[in-house]
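# Inside the fold
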Amino acid sequence: MKLGDKILIIPSEELIEYRLMALSYREGHIVEIRTNKSGILGAWVELIGEPYLEEQEWFIPVTSIQKLGQ
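Model, not experiment: these values are computed from the prediction.

### Some remarks on the sheet that holds strand 3 (residues 39-47)
- If you trace the five strands from one edge of the open sheet to the other, you get 4-3-2-1-5, paired in antiparallel fashion. The two strands at the open ends of the sheet, each matched to only one other strand, are strand 4 (57-61) and strand 5 (65-67). Taken pair by pair, the neighbouring strands of this sheet meet at an average axis angle of 45°, ignoring direction.
- Where strand 1 (residues 6-9) and strand 2 (residues 27-36) come together, three bridges link them in antiparallel fashion. Paired with L8 across the two strands is E27, which belongs to strand 2.

Dropping the structure here:
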């Protein structure tokens, strides 16, 4: 996973906990990657198309990120 990657948001337990299941199956681009000592936590993703709740960027947990393309 790297900045600019096109991703698909997929359902996960964390996405349910964050109450963001409405973002499932939306596509976006990674604009910031969040890590800690254990590894990658997730990424800030800029949605492609219409915003969700009037916001274009959302934090998506790593378990809900599926890279698209190469």
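### Focus: the nonpolar core
- One finds I9, L23, W58 and I60 to be the most contacted residues of the largest nonpolar core, which totals 13 residues.
- Elements represented by at least two residues in this core include exactly strand 1, strand 3 and strand 4.
- The greatest single-element share of this core, amounting to three residues, is contributed by strand 3.

### Quick word on the pairing of strand 2
- Relative to strand 3, strand 2 is paired through eight bridges, and the arrangement is antiparallel. Bridging across to strand 3, T35 finds its partner in I40.

### What about unusual backbone geometry?
- Notably, R19 is not glycine yet its phi reads approximately 60°, a positive angle.
- Mapped onto the secondary structure, R19 falls in the loop between helix 1 (13-17) and strand 2.
- We classify R19 as exposed; its relative accessible area is 73%.
- In the Ramachandran plot, Y25 falls in the positive-phi region, its phi being about 70° despite a non-glycine side chain.
- One can find Y25 in the loop between helix 1 and strand 2.
- Y25 sits in the exposed class, given a relative accessible area of 58%.

Reading the values: rules and limits
Residues numbered from 1 in each chain as written. Predicted model: local features only at pLDDT ≥ 70, side-chain atom pairs only at ≥ 80, totals over all residues. Heavy atoms only, no water. Pairing = 2+ DSSP bridges. Helix = DSSP H or I, 4+ residues; strand = E, 2+ residues; numbered from the N terminus. Axes fitted to C-alpha atoms, helices over the stretch in contact; angles between N-to-C directions. Core = buried A, V, L, I, M, F, W, Y, C linked by side-chain atoms within 4.5 Å. Buried < 20%, exposed > 50% of the residue type's maximum accessible area, 1.4 Å probe, protein only.

Read these as spatial facts, not as claims about activity.
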